[in-house]
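If you want the building blocks of each chain, they are given just below.
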Amino acid sequence: MVKVDPLAAKFSSDAYLGFDFGNKKIGVAVGHADTGIASPLQTIQSLNQVPDWHKISQLIAEWRPIGLVVGISRQSDGSDNVITPRMQKFCRQLNGRYNLPVHQIDETLTTFAAKQMLFDDLKVSAAKLWAVQDQLAAQIILQSWFDK
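Each chain has its residues counted from 1, following the order in which its sequence is written. Whole-chain, interface and lining totals are the exception, using all residues; otherwise, since this is a predicted model, local features are given only for residues with pLDDT of at least 70 and side-chain atom pairs are given and counted only at 80 or more. Heavy atoms from the whole structure form the basis of all side-chain values; hydrogens and water molecules are not counted.

- An unreviewed UniProt entry lists the chain under the name Putative pre-16S rRNA nuclease, from Methylomonas denitrificans.
- UniProt positions are given in the numbering used here, feature names are shortened, and annotations may be inferred rather than shown by experiment. Recorded under Sequence similarities (unreviewed entry), the UniProt text for the chain is reproduced unchanged: "Belongs to the YqgF HJR family."
- According to the UniProt record, the Function (unreviewed entry) comment for the chain reads "Could be a nuclease involved in processing of the 5'-end of pre-16S rRNA."

As for the nonpolar core
Here is step 1: Counting 22 residues, the largest nonpolar core has Leu17, Phe19, Ile56, Phe90 and Leu94 as the members making the most contacts within it.
Here is step 2: Numbered from the N terminus, helices here are DSSP runs of H or I no shorter than four residues, and strands are runs of E no shorter than two. Among the secondary structure elements, those contributing two or more residues to this core are strand S1 (15–20), strand S2 (25–32), helix H1 (53–63), strand S4 (67–72) and helix H2 (84–98).
Here is step 3: Residues in contact with Ile56, not counting those within four places in the same chain, are Phe19, Ile26, Ile44, Pro51, Phe90, Leu94 and Tyr98. Here, nonpolar core refers to any group of buried Ala, Val, Leu, Ile, Met, Phe, Trp, Tyr and Cys residues whose side-chain atoms link them within 4.5 Å. Classification of residues uses two cut-offs on accessible area relative to the type maximum, computed with a 1.4 Å probe and protein chains only: under 20% is buried, over 50% is exposed, and between them is partly exposed. Throughout, a residue-residue contact means that at least one pair of heavy atoms, one from each residue, lies within 4.5 Å.

With respect to the packing of aromatic side chains
The geometry of two aromatic rings is summed up by the distance between their centres and the angle between their planes.
Here is step 1: We call Phe, Tyr and Trp rings a pair once their centres come within 6.5 Å, taking the six-membered ring for Trp, and we label the pair stacked below 30 degrees between planes, edge-to-face above 60, and tilted otherwise. Within the structure shown, the criterion is met by seven aromatic pairs.
Here is step 2: Plain terms: the ring middles of Tyr16 and Phe146 are 5.9 Å apart, the flat faces sit at 90° to each other, and that makes the pair edge-to-face. Of this pair, Tyr16 sits in strand S1 while Phe146 sits in helix H4 (residues 126–147), placing them 130 residues apart in sequence.
Here is step 3: Residue Tyr16 is classed as buried on the basis of its relative accessible area, which comes to 12%.
Here is step 4: Through pairs of rings, three or more aromatic residues link up here, namely Phe19, Phe21, Trp53, Phe90 and Tyr98.

Examining H1
Since the α-helix turns once every 3.6 residues, residues separated by three or four places project in the same direction.
Here is step 1: When H1 is considered as a whole, its buried residues turn out to be Trp53, Ile56, Leu59, Ile60 and Trp63. Down the axis of H1, the buried side of the element spans an arc of 120°, and every buried residue falls inside it. Summarising the geometry of H1, the exposed residues directed more than 90 degrees from the buried face are His54 and Ala61.
Here is step 2: Buried residues in H1 make contact with S1, S2, strand S3 (37–45), S4 and H2.
Here is step 3: In the segment just after H1, Arg64 is the residue with positive phi, at about 45°. It is the directions from the helix axis to the C-beta atoms whose arc is reported.

Comments concerning the pairing of S4
Here is step 1: With respect to burial, S4 is a largely interior element, six of its six residues being buried.
Here is step 2: When DSSP finds two or more bridges between a pair of strands, those strands are recorded as paired. Both S1 and S4 contribute to a ladder of four bridges, which runs parallel. Bridged to Gly18 within S4 is Val69.
Here is step 3: The sheet contact formed by S4 and strand S5 (residues 102–106) spans five bridges and is parallel. If you follow Val69 over to S5, its bridge partner there is His103.
Here is step 4: A crossover links S4 with its parallel partner S5, the connecting element being H2, and its sense is right-handed. Convention used here: a crossover is right-handed provided that the path from the first strand, over the helix, to the second strand proceeds clockwise when the strands point away from the viewer.

Re the side chain of Thr84
Here is step 1: Tracing the chain through its elements places Thr84 in helix H2.
Here is step 2: Thr84 sits in the buried class, given a relative accessible area of 0%.
Here is step 3: Contact partners of Thr84, with chain neighbours within four places excluded, come to Ile72, Ser73 and Arg74.

Some details on the pattern of salt bridges
Here is step 1: Salt bridges are defined by distance alone: a side-chain nitrogen of Lys or Arg within 4 Å of a carboxyl oxygen of Asp or Glu. Within this structure, the stated rule accounts for two salt bridges.
Here is step 2: Close ionic contact of Asp134 with Lys25 constitutes a salt bridge, the shortest N to O distance being 2.7 Å. In this pair, Asp134 is assigned in helix H4 and Lys25 in strand S2, connecting sequence segments 109 residues apart.
Here is step 3: For the salt bridge of Asp80 with Arg74, the shortest nitrogen-to-oxygen distance reads 2.4 Å.
Here is step 4: The exposure class of Asp80 is partly exposed, given its relative accessible area of 41%.
Here is step 5: Relative accessible area serves as the criterion here: at 30%, Arg74 is assigned to the partly exposed category.

Given below as structure tokens:
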């Protein structure tokens with residue numbers, strides 16, 4: 001497997017940012033369409049369930065993505081769950097603020113998969129897990145979108 005420098009995407013015109021939206025924090029990943037590889041980037045804290053738009057704007061300015069990918073959570077039967085409307089609102093806000101295409105993808109079990117990988121496979125401590133699980137979930141979301 002060839003390792004790709006995630007910073008290379010910063011200088012390209014086909015970077016994408018992926019988001020794992022949550023009420024308290026939002027995981028962010030970056031990927032490059034040419035390579036089809038996503039990498040975890042950072043976790044952004046929300047204040048009173050409001051995204052930190054300043055930090056998101058900084059990432060948009062820094063990476064200059066051509067599109068955004070947001071994981072959308074649903075019930076196993078496909079119906080909305082409690083957070084689905086907030087995720088869809090986040091998508092509309094991203095599109096309205098940055099005038100970029102926002103792609104939605106099913107995020108079922110991405111946070112669970114991220115926790116499983118970090119805690120079980122890599123033996124990451126619970127404190128560290130809380131800090132990075134969302135950006136890894138964002139990577140899984142973006143990678144899933146690339147793989148489709």
